[in-house]
Amino acid sequence: MYMARNLPSSDENGQLDAYVKCRFMGAKKKTSIAPSSSEPCFFETLEFNENLPTDFKLAAELIVQVWDKDLVGANTQVSFVLLSLSFEVKTSIRLLASA
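Attention here is on the structure that accompanies the text.

What counts, and at which threshold
- Residues numbered from 1 in each chain as written.
- Predicted model: local features only at pLDDT ≥ 70, side-chain atom pairs only at ≥ 80, totals over all residues.
- Heavy atoms only, no water.
- Helix = DSSP H or I, 4+ residues; strand = E, 2+ residues; numbered from the N terminus.
- Contact = heavy atoms within 4.5 Å.
- Areas by Shrake-Rupley, 256 points an atom, 1.4 Å probe, with all protein chains shown as cover.
- Phe/Tyr/Trp six-rings, centres within 6.5 Å; stacked < 30°, edge-to-face > 60°.
- Buried < 20%, exposed > 50% of the residue type's maximum accessible area, 1.4 Å probe, protein only.
- Lys NZ or Arg CZ within 6 Å of the ring centre and 35° of its normal.
- Patch = residues over 30% accessible without salt bridge, like charges linked within 9 Å, V, L, I, M, F, W, Y side chains within 5 Å.
- Salt bridge = Lys/Arg side-chain N within 4 Å of Asp/Glu carboxyl O.

### Here we look at the overall build of the protein chain
The secondary structure content of the protein chain amounts to zero helices and five strands. Element order for the protein chain, N to C, with α for helix and β for strand: β-β-β-β-β. Considering only residue pairs separated by 6 or more positions, the protein chain has 47% of its internal contacts joining residues 24 or more positions apart. Accessible surface for the protein chain amounts to roughly 6,700 Å². Of this, 53% is attributable to carbon and sulfur atoms.

This is the structure in C-alpha cells:
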C-alpha cells in the first residue's frame, strides 16, 4: 500500500485517521493507522499467500477498503475499490460521503 489522496473526512474535526483493509480469497490484511491526514502515506506491503486457481477468471476479487479509525464508536469506511486478477477495475472507486 502506497498512499491515498483527497479522502473525505468522516469526523467533525475534519481529520482522518486512515488505515487500509484488504481481503482476498478469504484472507484479510490491514495497514497501520496514518493519523490526521486526508492524504495518508502507508509505504507497507500486504502479502497474500493464497492458492490461486489456474484460470484467473475464477479467482476472487481483491477488495481494498479505506477506513477511518474512531476513538469513540465504530470505525467508518471512507472508500473502496474491487480489483480482479486481470487488473481491471470492476467498479469505479467510490468515495463514501461523510454522514
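From this point, things continue past the structure.
### Considering the packing of aromatic side chains
Enumeration according to the criterion identifies two aromatic pairs in this entry. Centre to centre, the rings of Y2 and F43 are 5.3 Å apart; their planes meet at 75°, and the pair counts as edge-to-face. With Y2 in the segment before strand 1 (18-24) and F43 in the loop between strand 2 (27-30) and strand 3 (62-68), this residue pair connects regions lying 41 residues apart in the sequence. Comparing Y2 with F43 shows no difference in burial state: the two are exposed. Measuring from ring centre to ring centre gives 6.0 Å for F24 and F48, while their planes differ by 70°; the resulting arrangement is edge-to-face. In this pair, F24 sits in strand 1 while F48 sits in the loop between strand 2 and strand 3, placing the two residues 24 residues apart along the sequence. The exposure class assigned to F24 is buried, which follows from its relative accessible area of 9%. The ring of W67 carries the charged tip of K21 above its face, separated from the ring centre by 4.2 Å. Its guanidinium or amino end placed over the ring of F48, K29 lies 5.9 Å from that ring's centre, counting from NZ or CZ.

### Considering a nonpolar patch on the surface
On the surface, M25, L52 and F56 cluster together to form a nonpolar patch covering roughly 260 Å² of accessible area. Positionally, F56 belongs in the loop between strand 2 and strand 3. Looking at F56, the relative accessible area reads 48%, which means it is partly exposed.

### Concerning the environment of K30
Position of K30 among the secondary structure elements: in strand 2. Classification of K30 as exposed rests on a relative accessible area of 56%. In this structure, the C-alpha to C-alpha distance between K30 and V66, residues 36 residues apart in sequence, is 9.6 Å. With residues up to four places along the chain from it excluded, the contact list for K30 reads Y19, V20, K21 and L46.

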